Amino acid sequence: FDAKFAAGLAAFKQDSLLTGIKIFSDLAKQPRFFDKSSMLRLRLADGKQLSDSTAAAITEYEKITTEFPNTPEAAEANYRLGAIYENQNDFVKAKEFYNKASQGTQDFTIRNLALTHSAQISKLENYRARLKRDKTPPSTDSLTVPKTDSLSMPLVDSTAIPPIDTIAKSDSIPKSALQPI
């Protein structure tokens, strides 16, 4: 088993994807390797992904997570699903699968990778929200800029200000106090 499994991995590394898929498929068909079927199915899904059959790979990864829950292979399948969706810019699904991968394994490598990717997606979401908020023009009700003259002095409606005589009479200040010195 170990020699054939290693041969399948080597075939993938040498871009002999069909050879690798055939090796893993043959191993998976043998009943004596039933206890290794989750690992073999994961490698078959990897082969589909490497051969640009993304839809088939997604289906296979999802089957692995359903049929072999709470296994390192299910965690790795969730991680790979997160990576696929991240590459497709579906960050909501990617984050969901990364979170599943981080919660479903004690394997620190997969867990840390999944947590890192999930955190990066959160940062991207926050950044995009800030950009969107900053690009939205403020409402005209909340920000009113006073009109100015050519010297950038605020223009004042002089009809709203009462004449000095009226102010002086109403405040009981003698007119002489309002006269220029």
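Residues numbered from 1 in each chain as written. Predicted model: local features only at pLDDT ≥ 70, side-chain atom pairs only at ≥ 80, totals over all residues. Heavy atoms only, no water.

Here's the deal with the environment of Ala94
And then number 1: By the element assignment, Ala94 lies in helix 6 (residues 91–103).
And then number 2: On the basis of relative accessible area, Ala94 is assigned to the buried category, the value being 0%.
And then number 3: Considering only alpha carbons, one finds Ala94 and Tyr79, 15 residues apart in sequence, at a separation of 8.6 Å.
And then number 4: In contact with Ala94, not counting residues within four places along its chain, are Gly82, Tyr85, Glu86 and Ile121. (Helix = DSSP H or I, 4+ residues; strand = E, 2+ residues; numbered from the N terminus. Buried < 20%, exposed > 50% of the residue type's maximum accessible area, 1.4 Å probe, protein only. Contact = heavy atoms within 4.5 Å.)

Section: the packing of helix 5 (residues 72–87) against helix 7 (residues 108–135)
And then number 1: Orientation of helix 5 relative to helix 7, taken along the N-to-C sense of each, is 30°, at an axis distance of 10 Å. As the angle between them shows, helix 5 and helix 7 are arranged roughly parallel. In the packing of helix 5 onto helix 7, the handedness of the crossing is left-handed. From helix 5, Ala75, Glu76, Tyr79 and Glu86 reach across to helix 7, where they touch Ile110, Leu113, Ala114, His117 and Ile121. (Axes fitted to C-alpha atoms, helices over the stretch in contact; angles between N-to-C directions. Parallel < 35°, antiparallel > 145°, perpendicular 65-115°, else oblique. Left-handed = near helix turned anticlockwise from the far one by under 90°.)

Concerning the nonpolar core
And then number 1: Ranked by internal contacts, the top residues of the largest apolar core, which has 21 residues, are Tyr61, Ile64, Tyr79, Leu81, Tyr85 and Tyr98.
And then number 2: Of all the secondary structure elements, the ones that give two or more residues to this core are helix 3 (37–50), helix 4 (54–67), helix 5, helix 6 and helix 7.
And then number 3: In this structure Tyr61 touches Leu42, Ala45, Asp46, Gln49, Ala77, Arg80, Leu81 and Ile84, once residues within four positions along its chain are discounted.
And then number 4: Phe5, Phe12, Phe24 and Leu27 belong to the second largest nonpolar core, which has eight residues in total. (Core = buried A, V, L, I, M, F, W, Y, C linked by side-chain atoms within 4.5 Å.)

Comments concerning the environment of Lys4
And then number 1: By the secondary structure assignment, Lys4 is in helix 1 (residues 2–13).
And then number 2: Here Lys4 is in contact with Ile23 and Leu27, once residues within four sequence places are set aside.

Some points on the packing of aromatic side chains
And then number 1: Inspection of the entire model under this criterion finds six aromatic pairs.
And then number 2: Aromatic side chains Tyr79 and Tyr98 sit 5.5 Å apart centroid to centroid with 50° between the ring planes, which places their arrangement in the tilted category. Residue Tyr79 is found in helix 5, and its partner Tyr98 is found in helix 6; the two are separated by 19 residues along the sequence.
And then number 3: Classification of Tyr79 by relative accessible area gives buried; the value is 12%. (Phe/Tyr/Trp six-rings, centres within 6.5 Å; stacked < 30°, edge-to-face > 60°.)

As for helix 7
And then number 1: In this model, helix 7 (28 residues) spans 40 Å end to end at C-alpha, consistent with the 40 Å of a helix rising 1.5 Å per residue.
And then number 2: Within the span of helix 7, buried status applies to Ile110, Ala114, His117, Ser118 and Ile121.
And then number 3: The elements touched by buried residues of helix 7 are helix 5 and helix 6. (Expected span 1.5 Å × (residues − 1).)

Thoughts on the pattern of salt bridges
And then number 1: With the rule as written, the count across this model stands at 11 salt bridges.
And then number 2: For Lys22, the salt bridge identified is with Asp26, shortest N-O distance 3.0 Å. Here the residue Lys22 and the residue Asp26 both occupy positions in helix 2 (residues 17–29), the gap between them amounting to four residues, near one helical turn.
And then number 3: On the accessibility criterion, Asp26 (32% relative accessible area) is partly exposed. (Salt bridge = Lys/Arg side-chain N within 4 Å of Asp/Glu carboxyl O.)

Examining helix 2
And then number 1: With 13 residues, helix 2 extends 18 Å between its outermost C-alpha atoms, agreeing within 8% with the 18 Å of an ideal straight helix rising 1.5 Å per residue.
And then number 2: Here the buried face of helix 2 lies against helix 1 and helix 3.

Some thoughts on the packing of helix 3 against helix 5
And then number 1: At a minimum axis distance of 10 Å, the contact between helix 3 and helix 5 shows a crossing angle of 15°. Of the possible angle classes, the one that applies to helix 3 and helix 5 is roughly parallel. The two elements helix 3 and helix 5 meet at a crossing, and its hand is left-handed. Only Glu73, Glu76, Ala77, Arg80 and Ile84 of helix 5 make contact with helix 3, whose side of the interface consists of Ser38, Met39, Leu42, Arg43, Asp46 and Gln49.
And then number 2: Among the residues forming the contact of helix 3 with helix 5, the class breakdown is four nonpolar, two polar and five charged. (Nonpolar A, V, L, I, M, F, W, Y, C, P; charged D, E, K, R; others polar.)

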